Structure formats: C-alpha cells, structure tokens
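# Examination of the molecular architecture
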Amino acid sequence: MTQHLPVANPVIPIDVIELPEFQQAGVQLELLRLDLVHPLVSGNKWFKLKYALQAFQASDCQLLLSFGGAWSNHIHALAYAGFEQGIETVGVIRGERPAKLSPTLVDAERWGMQLEFVTRAQYRDKTDAVFMSGLREKYGEFYALPEGGAGEWVIAGCREILSLFDAAAYDLICCACGTGGTLAGLIAGKPADVSLLGVSALKGGEFLYADIRGLLTAAQIDDPGGWSLALDCHEGGYAKVSSRLATVMQHFTEHSGIRLEPVYTGKALLALLQKMERGEFARGARVMLIHTGGMQGLRGMEAALLKKLS
Ligand SMILES: *Cc1c(COP(=O)(O)O)cnc(C)c1O
C-alpha cells in the first residue's frame, strides 16, 4: 500500500515525558515526535530529503543514487520516497551482498531500489572519479546524493523542524548527530535565547565541529553560537550498545510508553540524563528532546539490547 508523503510539513505531536529524575529536579522534559512524521520516511530523514528530492526533480536526471550501510535509515527513507514519487533509485551499499539481506534492504528492494554492493575499501573511496564513472557506465547518468543525505539542502530542510513547535519557549533543544546536518539546520533557525545540544552517535565526534561550521558557511549563515556537542555518549561507537544505554532506554519506555532506538535518540537521552546528574539544569528549565525516528533500524538491534539488559 502506498502511504503518501506529506505535501506540507506535517503536524508533529509533542509528548511531556514524566521521568522521575527530571520531575524531582523541577525540569520539564518533552519529546518532539519526528518518528511519527511518516510511517516509512521517518524522522529527520523527511526533512533532509525534502529539498534534495526537489533539486532532483528540477534536474535532468532520471535516476537518483545514494550511499549507505545495510541498516541505513537514509537508504530506507530514500527507497520509499522514490517508490512513492516514481523516482528510480540506486543504493550503493557498504560491504558484499550477504546471503540474507537486512530487513532494511529487503524493504528497499521491494520498493524498487537497485542495490549495488561494494567492498568496504571501495565504499571508503566512493566519491573517487573512477568509481563514479564505473557506476555511470552501469546505470547511466544519475544524480548522486551523498551518504546520509548530506548536502546544501539539508540546512533548508532541517531548520524547518524548529517551525513545527514554539521553539523559543525552550531552554534547551537536543538531538543526536551523525553527520551533524540536522543540528546545522537547527543552528541556522535557532531562536536567540535557546541552547542546542548535539549528541554524537559516533566515536571521535570532534569532526562535527568543523563539519557543522562548514555546512553553515556553505549556506552563508553566520554561526550564532549557543550550541554545544556531547561527544562522550557514543557508548563505544556507531551502533554500539552499552548496558547503561539499554537501561536508560528501558527506563524511558517504562515511564513514557514510547520506544527509542539505540543508535541515535537513545544516546541523546543518555546525554540529557548525564547533564541532569551533573546538575547542569536549572529548576524550571524546559527541555525538548527531538526523537529523530529511525525505528526501522531497531530490527537489527533488539538482540544486542536484550543482551545488555540481562
Ligand atoms: C540520520 C539520523 C540522525 C543523524 O542525522 P544527521 O543529520 O546525519 O546528524 C539522527 N537520528 C536518526 C534516527 C537518524 O536516522
């Protein structure tokens, strides 16, 4: 069944989260449910893809190609958006084709995405001219969308996240970072008195400072300041799960009835709880955590999470 993409930005629910740690400290925690934007083009990926798809439609290209891993939320969202909008898509996937595809890639193929598996070494050099011309020989002319949907349109799309709610009413707005594109968009649209916290999902997230500043510069936006990064909640690296992460996520779901996934939003929650423990919130503060979605990826993480809870 086709579930149409929203034409305008959808109305996004906000949940007040009653976690005892926050309640005792007199801090209001709320959750922006970007996971509910669309059942298949989830979370921030809708905002990241919005203008990329428009740019593609405005080009002469007939084919949209992008890159990602076997569990990529970006590949999943792109494959569905392509299916829904009648755009032919190719996914260049890191690693050899496995005997059994991940559910993410099964979905992508079902939605008509052609999958091109490349070795990890090749994937690292994926922007290499020889590699790209090989792809052009095979598939014909295409529009290449960088890994994670990064590009000039990300800031324009992601700053719109702040227009979905009364952003100026919050003291802190927090989201997880992969490439930092989403946070860069939030920085671009940030009300003056609001602080932003980006939480790196990757180990060695120091690169985010330069990448985010680079994105802002490319979009000709002066860095307004008032944002910071938590680089110590990656729990060992991308898609790694620790028992403190699994425990915090379970605690959150018990109190809210809302599920998170551990690759991104679980780590963002962890950073907020850590800030709370360190006494960094004033009584009366109002905090918005952005649930950036990506629940499809949880299908590959359930076993690891359970193991960390036992
Ligand atoms: C892709 C993704 C992110 C990271 O977004 P960036 O713009 O790359 O920083 C965060 N959360 C989820 C669920 C994602 O899928």
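Conventions we followed
Residues numbered from 1 in each chain as written. Predicted model: local features only at pLDDT ≥ 70, side-chain atom pairs only at ≥ 80, totals over all residues. Heavy atoms only, no water. UniProt positions renumbered as here; feature names shortened; annotations may be inferred. Near = heavy atom within 4 Å. Polar contact = N/O pair within 3.5 Å; in protein donor to acceptor, adjacent residues only side chain to side chain. Areas by Shrake-Rupley, 256 points an atom, 1.4 Å probe, with all protein chains shown as cover. Pairing = 2+ DSSP bridges. Helix = DSSP H or I, 4+ residues; strand = E, 2+ residues; numbered from the N terminus. Right-handed = clockwise from strand over helix to strand, strands pointing away. Axes fitted to C-alpha atoms, helices over the stretch in contact; angles between N-to-C directions. Buried < 20%, exposed > 50% of the residue type's maximum accessible area, 1.4 Å probe, protein only. Contact = heavy atoms within 4.5 Å.

Identification of the chain as Pyridoxal-phosphate dependent enzyme from Amphritea opalescens is taken from an unreviewed UniProt entry. What UniProt states about the chain under its Sequence similarities (unreviewed entry) heading is, verbatim, "Belongs to the ACC deaminase/D-cysteine desulfhydrase family." In its Cofactor (unreviewed entry) section, the UniProt record describing the chain reads: "pyridoxal 5'-phosphate".

Turning to the site of the ligand, a few remarks are in order. In the vicinity of the ligand, 14 residues are found, and the nearest of them are K45, N73, T179, T182 and T292. One of the side-chain nitrogen or oxygen atoms of N44 is found 3.0 Å away from an oxygen atom of the ligand. One of the backbone N or O atoms of G178 is found 2.8 Å from an oxygen atom in the ligand. Across the complex, the protein chains shield 97% of the 390 Å² of accessible surface that the ligand would expose by itself.

Now for the pairing of strand β9 (residues 227-230). In this structure, strand β8 (residues 195-200) lies alongside β9, joined through four bridges in parallel fashion. Note that in β9 the partner of V199 across the bridge is A230. Running through helix α9 (residues 207-218), the crossover from β8 to the neighbouring parallel element β9 is right-handed.

Strand pairing in a sheet takes place through backbone hydrogen bonds and is either antiparallel or parallel in direction. One open sheet accounts for six strands, arranged β1-β2-β10-β7-β8-β9; its pairing is mixed. Edge positions in the open sheet fall to β1 (14-17) and β9, since each of these has one partner strand only. This sheet shows a mean twist of 25 degrees between the axes of neighbouring strands, independent of strand direction.

Residue placement: T182 occurs in helix α8 (residues 181-188). For T182, a relative accessible area of 6% corresponds to the buried category. Apart from the residues within four sequence positions on either side, T182 is in contact with N44, K48, V154, C158, I161 and C175.

We now examine the UniProt feature "modified residue: N6-(pyridoxal phosphate)lysine" (unreviewed entry) in the chain. Mapped onto this structure's residue numbering, the UniProt feature "modified residue: N6-(pyridoxal phosphate)lysine" (unreviewed entry) falls at K45. Tracing the chain through its elements places K45 in helix α2 (residues 44-58). Accessibility expressed as a relative area gives 10% for K45, which makes it buried. Excluding anything up to four places from it in sequence, K45 contacts N73, H74 and A77.

A positive phi angle is found at E235, which is not glycine, with a value near 60 degrees. Given a relative accessible area of 15%, E235 falls into the buried group. One non-glycine residue with positive phi stands out, namely A239, at about 65 degrees. By the element assignment, A239 lies in the loop between β9 and α10 (243-256). Taking the relative accessible area as the measure of exposure, A239 reaches 32% and is therefore partly exposed.

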